[in-house]
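Listed below, chain by chain, are the residues.
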Amino acid sequence: MSAPGNNPGFVAVEGLAKRFGPERVLDGITFTVGSESVFAILGRSGGGKTTLLKILAGLVSADSGRFRLGETDLTFVPPERRKIVYLYQEPLLFPHLNVRENLVFGLRLRHLDESTIRARIEPLIERLGLAAQLEKMPAQLSGGQRQRVAFGRALAVQPPLLLLDEPFGSLDATTRADMQRLFKQVARQVGITAIFVTHDLKEALIVGDRFGHLDAGRLRTFSDRSAFLADSSSGGAAEIAFWRSLDCQLPASTDAQPKFN
Amino acid sequence: MSVNSNHISSLPAWRRTLGVIVIGWCWLPVVYLALLSVARDWAFPKLLPSSLSLAAWRLAFGPGGNLGTSFMMSTAVALLVATLATGAGLVASRTFAYHRRRGWWVLAAHAPFVLSPVILGTCLLFLFIKLHLVGTFVGVVAGQFIFCYGYAIILLIGFWNPHLAALESLARTLGAGRWQVFRRVLLPLARPMLAVCFFQTFLISWLDFGLVAVIGAGKVPVLTLRVFEYLGSGNVNLAAVVALCLMIPPLAILLLNRRLATLAV
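Nothing here was measured: the structure is a model prediction, and the numbers come from that model.

1. A few points about the overall build of chain A
So, point 1. A count of helical and extended segments in chain A gives ten helices and ten strands.
So, point 2. Here the C-alpha atoms of chain A give a radius of gyration of 19 Å, agreeing with the 18 Å that 2.2 N^0.38 yields for 261 residues.
So, point 3. Oriented by its inertia axes, the alpha-carbon framework of chain A measures out at about 60 × 50 × 40 Å.
So, point 4. Expressed as a percentage of its 261 residues, the buried residues of chain A come to 48%.

This is the structure we're talking about:
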């Protein structure tokens, strides 16, 4: 597998803007994402994160701006022809299909033969630990399992770009941490190019290779993790200061004690 | 079965009696109609007819009875109206549900209910005369469709919600075109609701008398017209036979609906 950001301009967004009535939701959004890298966008609720992803997925049209994936201009291409998968905050599964059929949903649309479908999903099933759940219906799964299925279904179609809209936001803290690790691990193994939006600084730091901060419809991008953390808008400095203050109060013998040097 | 029997036998006597009375009250008209259809010499004040005969049934289904034709006509009208209303209602309800002025559209869909079918038929009569639709099969179907279409919209509008819209969007990003979204996502999820809508609109059409009498002008011989025709000519035995035939599809639909409800649970 190649290093993240092989092709630094694989995803190119230029001057994207969107208004809902008098409200300016996105204002001149411009950024690039390298192939096989994860661009983490941090932002508060209502900051325009979901609108940005929906525009990139083709589900909402932009008022102005352009969006290119590789050499192809996708600005006016309908969602089903973009091959970009959008992963929702809620783990949306098709309630009338079992786990197996949910996983292969995108492949069935492409009319692939059974052996190709099997070859495509079996490694995913193993990687995501879903072997025991295949015949279950979505209602029988936990939140974490549902999100794994949704993630697997997205990966099965091998999208050139994956859009993740706070996909672990509805999970409990432990499951969420598990899913973050799993995402990072699979992203590295498979070589995913993704845009991951979240309001959680820690999550952004775990999953991202590059970082941005979206506030009131304006996006600031950062060259690396240190620049992102050092910027006051990310809240990174305040977070570190908080943990440092706890660090002083914790007993010296605590093994799990965080250290910030 | 044994659980139900045990449950019933454990009920207090007054509740059992009340249950029997209620069930008996519901089925009394059916029993009465069945008896009436085979009654001979049933004169007041006798509680039961003096003798029984299948003459009315033979006459109804015999060569000159035309009951078979009426049954086919009623079935054809009701099937067509239910199919058109359910299909069009599904499309329209989706448009209305996601429209920013959803409330206004739903209100507009209630318009046919302000009028009874017979008044709606009277309102449509002049237009249908101009269109040469009065006294035709197409005219009756078109008239009943107007009524059932509004009903279908109101019934189906509750099916559409933001969660379903998100599923549609998700399917599209996974590569589904509009037709594939409909076939692979919406149709399977809507099936129980569509079945209920189809059955309900079928029943509205099947049991309609007023609109079919006005628009059909007696030239579209559906079963409900036959009942009144026989009653008007004083042939209560034949009227009872036709009334019993009218009950067959609703009963079958009730049983099917119950099965659907069980499946949905």
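There's more to say after this.
2. Observations concerning the overall build of chain B
So, point 1. Scanning chain B for helices and strands turns up 13 helices and two strands.
So, point 2. Along the longest, intermediate and shortest principal axes, the C-alpha atoms of chain B span 75 × 65 × 35 Å.
So, point 3. Expressed as a percentage of the 265 residues in chain B, the buried residues total 39%.
So, point 4. Of the contacts made within chain B by residues no fewer than 6 positions apart, 71% connect residues no fewer than 24 positions apart.
So, point 5. In chain B, the 19 positive side-chain charges and the 4 negative ones have mean positions that sit 14 Å from each other.

3. A look at the interface of chain B and chain A
So, point 1. The interface of chain B with chain A comprises 17 residues on the first partner and 23 residues on the second.
So, point 2. Regarding the contact of chain B and chain A, the summed buried area is about 1,800 Å², with carbon and sulfur atoms giving 70% of it.
So, point 3. Together, B:Thr173, B:Leu174 and B:Arg184 form the three largest contributors to the area buried by chain B at its contact with chain A, with a combined 39%.
So, point 4. For the pair chain B and chain A, the interface holds one salt bridge.
So, point 5. Ionic pairing is found between B:Arg172 and A:Glu80, a salt bridge with its closest N-O pair at 2.5 Å.
So, point 6. For the pair chain B and chain A, the interface holds five residue pairs in polar contact (both at pLDDT 80 or more).
So, point 7. When contributions to the side of chain B that touches chain A are tallied by element, the ones reaching two or more residues are α9 (162-173) and α10 (178-207) of chain B.
So, point 8. With eight residues, the top contributor of residues to the side of chain B that touches chain A is α9(B).
So, point 9. Looking at the side of chain B that touches chain A residue by residue, the classes come out as nine nonpolar, six polar and two charged.

4. Looking at the pattern of salt bridges
Residue and element names in this part refer to chain A.
So, point 1. One pass over the full model with this rule turns up 17 salt bridges over all chains.
So, point 2. Linking aspartate 178 and arginine 181 is a salt bridge whose minimum nitrogen-to-oxygen distance equals 2.8 Å. Of the two residues, aspartate 178 and arginine 181 both sit in helix α7 (residues 173-190), three residues apart, roughly one turn of that helix.
So, point 3. A single network of salt bridges, built from pairs that share partners, joins Arg24, Asp27 and Arg218.

5. Structural notes on the pairing of strand β10 (residues 218-222) of chain A
Residue and element names in this part refer to chain A.
So, point 1. Pairing between strand β9 (residues 210-215) and β10: five bridges, direction antiparallel. Note that in β10 the partner of phenylalanine 211 across the bridge is phenylalanine 222.
So, point 2. Taken together, β9 and the strand that follows it, β10, pair antiparallel across an intervening segment of two residues, in which alanine 216 is found at a positive phi of about 50°.

6. Let's talk about the sheet that holds strand β1 (residues 11-20) of chain A
Residue and element names in this part refer to chain A.
So, point 1. With antiparallel pairing, four strands are arranged side by side in an open sheet as β2-β1-β4-β5. Of all strands in the sheet, those with a lone pairing partner are β2 (23-33) and β5 (72-73), marking the two edges.
So, point 2. Summarising the sheet, strand β4 (residues 64-69) and β5 pair through two bridges and their orientation is antiparallel. Paired with arginine 68 across the two strands is aspartate 73, which belongs to β5.

7. Quick look at the layout of surface pockets
Residue and element names in this part refer to chain B.
So, point 1. Empty space within the largest pocket amounts to approximately 400 Å³.
So, point 2. Surrounding the largest pocket, 16 residues form its lining, Arg94, Glu168, Arg178, Val181 and Leu186 being those nearest its centre.
So, point 3. Those elements that provide at least two residues to the lining of the largest pocket are α4 (67-97), α9 and α10.
So, point 4. A breakdown of the residues in the lining of the largest pocket according to their chemical character gives nine nonpolar, three polar and four charged.

8. Brief notes about unusual backbone geometry
Residue and element names in this part refer to chain A.
So, point 1. Backbone geometry places glutamate 36, a non-glycine residue, at a positive phi of 55°.
So, point 2. Of note, glutamate 36 is situated in the loop between β2 and β3 (38-43).
So, point 3. Positive phi outside glycine occurs at glutamine 158, with the angle close to 50°.
So, point 4. Turning to its location among the elements, glutamine 158 is positioned in the loop between α6 (143-156) and β7 (161-165).

9. Considerations on the confidence of the model for chain A
All names here are of chain A.
So, point 1. When pLDDT is averaged across chain A, the result is 86; 91% of the residues are at 70 or more.
So, point 2. When the elements of chain A are averaged for pLDDT, helix α10 (residues 236-249) gives the smallest value, 74, and helix α3 (residues 99-103) the largest, 95.
So, point 3. Within the model, pLDDT remains below 50 along residues 256-261, and this stretch shows twelve contacts once partners closer than five positions in the same chain are excluded.

10. Here's the deal with the packing of α4(B) against α10(B)
Residue and element names in this part refer to chain B.
So, point 1. Direction vectors running N to C along α4 and α10 enclose 135°, while the axes themselves pass 8 Å from each other. Relative to α10, the element α4 is oriented oblique. In terms of crossing hand, the pair formed by α4 and α10 is right-handed.
So, point 2. Considering only residue class, the contact of α4 with α10 consists of 15 nonpolar, six polar and one charged.

11. A closer look at empty space enclosed by the protein
All names here are of chain B.
So, point 1. Here the structure, examined in full by the defined rule, presents two cavities of 30 Å³ or more.
So, point 2. Estimates place the volume of the largest cavity at around 50 Å³.
So, point 3. Of all the elements in the fold, those that place two or more residues in the lining of the largest cavity are α4 and α10.
So, point 4. Top element by residues in the lining of the largest cavity is α4. It accounts for three residues.
So, point 5. There is about 30 Å³ of room inside the second largest cavity.
So, point 6. Along the walls of the second largest cavity sit Pro117, Gln144, Phe147, Cys148, Ile204, Ser205, Asp208 and Leu211, which together make up its complete lining.
So, point 7. Mapped onto the lining of the second largest cavity, the elements with two or more residues apiece are α8 (137-156) and α10.
So, point 8. Per-element accounting of the lining of the second largest cavity gives the leading share, three residues, to α8.
So, point 9. Considering only residue class, the lining of the second largest cavity consists of five nonpolar, two polar and one charged.

Calculation rules
Residues numbered from 1 in each chain as written. Chains lettered and ligands numbered in written order. Predicted model: local features only at pLDDT ≥ 70, side-chain atom pairs only at ≥ 80, totals over all residues. Heavy atoms only, no water. Helix = DSSP H or I, 4+ residues; strand = E, 2+ residues; numbered from the N terminus. Rg over C-alpha atoms; globule rule 2.2 N^0.38 Å. Buried < 20%, exposed > 50% of the residue type's maximum accessible area, 1.4 Å probe, protein only. Contact = heavy atoms within 4.5 Å. Lys, Arg positive; Asp, Glu negative; His and termini not counted. Charge placed at Lys NZ, Arg CZ, Asp CG, Glu CD. Buried area = accessible area lost by both parts, 1.4 Å probe. Salt bridge = Lys/Arg side-chain N within 4 Å of Asp/Glu carboxyl O. Polar contact = N/O pair within 3.5 Å; in protein donor to acceptor, adjacent residues only side chain to side chain. Nonpolar A, V, L, I, M, F, W, Y, C, P; charged D, E, K, R; others polar. Pairing = 2+ DSSP bridges. 1 Å grid on protein atoms, 1.4 Å probe; cavity = no way out; pocket = protein on both sides within 12 Å on 5 of 7 lines; lining within 4 Å. Points joined across faces, edges and corners; volume = space filled by probe spheres on them. pLDDT = per-residue confidence, 0-100. Axes fitted to C-alpha atoms, helices over the stretch in contact; angles between N-to-C directions. Parallel < 35°, antiparallel > 145°, perpendicular 65-115°, else oblique. Left-handed = near helix turned anticlockwise from the far one by under 90°.

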